[in-house]
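Read off the chains here:
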Amino acid sequence: MKIHDYIELLLSKKNKAAMVAIIPVAERPVASESDIKQLIETLNDHFRANRHHNALATALALVMANADETIARLRRTGTLRASRYNFRAGCVVQVVQGIYEVRHLLKVRPDRIVYLESVLALYSLASEVRRLRESILMRLRLRKKMAPTSPRFQ
């Protein structure tokens, strides 16, 4: 089955549980390296637009096609970094949890699973980090406004 057909199959399911449930019985998708690269860009777009359902279907299809390559690319490109999405973690967390739920079906090195676990752990802190970052930036802006404006201090 081609990867785009697999994504359509997953998108036809109403929720994450239904998507995960069909994976063990569905035929594994086939994807070229260029398909993987292009779909990771699509996944980035889904994350930015906060399209949970589409992001989950795309990510699950990618890992079922080639988990090791997909997770390596996600890591290398920083696709799962919280700062990339202004620390709004909901969509990325749902995708990583979905991948983690099917980990027993994946042909993947153990360090890739450890990476997913660390992403989940870091995302549990994402909202606190965003608050701290905003607080620090606000303080820096206030100090900049209060600083003398003479050319000597610039």
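A. Structural detail: the packing of aromatic side chains. Tallied over the full model, the rule gives one aromatic pair. Geometrically, the ring pair formed by Phe47 and Tyr85 is edge-to-face, given 5.5 Å between the ring centres and 70° between the ring planes. Note that Phe47 is positioned in helix α3 (residues 33-49) and Tyr85 in the loop between α4 (52-77) and α5 (90-101), a separation of 38 residues in sequence. Assessed through its relative accessible area of 5%, Phe47 is described here as buried. Judged by its relative accessible area of 8%, Tyr85 falls in the buried class. It is Arg103 that lies over the ring of Tyr100; its NZ or CZ is 3.9 Å from the centre.

B. The arrangement of the layout of surface pockets in detail. Estimates place the volume of the largest pocket at around 240 Å³. Looking at the largest pocket, it is lined by 15 residues, and the ones nearest its centre are Leu80, Arg81, Ala82, Leu122 and Tyr123. For the lining of the largest pocket, the elements supplying multiple residues, two or more each, are α6 (110-123) and α7 (126-146). In terms of residue count, α6 provides more of the lining of the largest pocket than any other element does, five residues in total. Looking at the lining of the largest pocket residue by residue, the class counts come to 10 nonpolar, three polar and two charged.

Parameters and conventions
Residues numbered from 1 in each chain as written. Predicted model: local features only at pLDDT ≥ 70, side-chain atom pairs only at ≥ 80, totals over all residues. Heavy atoms only, no water. Phe/Tyr/Trp six-rings, centres within 6.5 Å; stacked < 30°, edge-to-face > 60°. Helix = DSSP H or I, 4+ residues; strand = E, 2+ residues; numbered from the N terminus. Buried < 20%, exposed > 50% of the residue type's maximum accessible area, 1.4 Å probe, protein only. Lys NZ or Arg CZ within 6 Å of the ring centre and 35° of its normal. 1 Å grid on protein atoms, 1.4 Å probe; cavity = no way out; pocket = protein on both sides within 12 Å on 5 of 7 lines; lining within 4 Å. Points joined across faces, edges and corners; volume = space filled by probe spheres on them. Nonpolar A, V, L, I, M, F, W, Y, C, P; charged D, E, K, R; others polar.

This is a description of form; function is not addressed.
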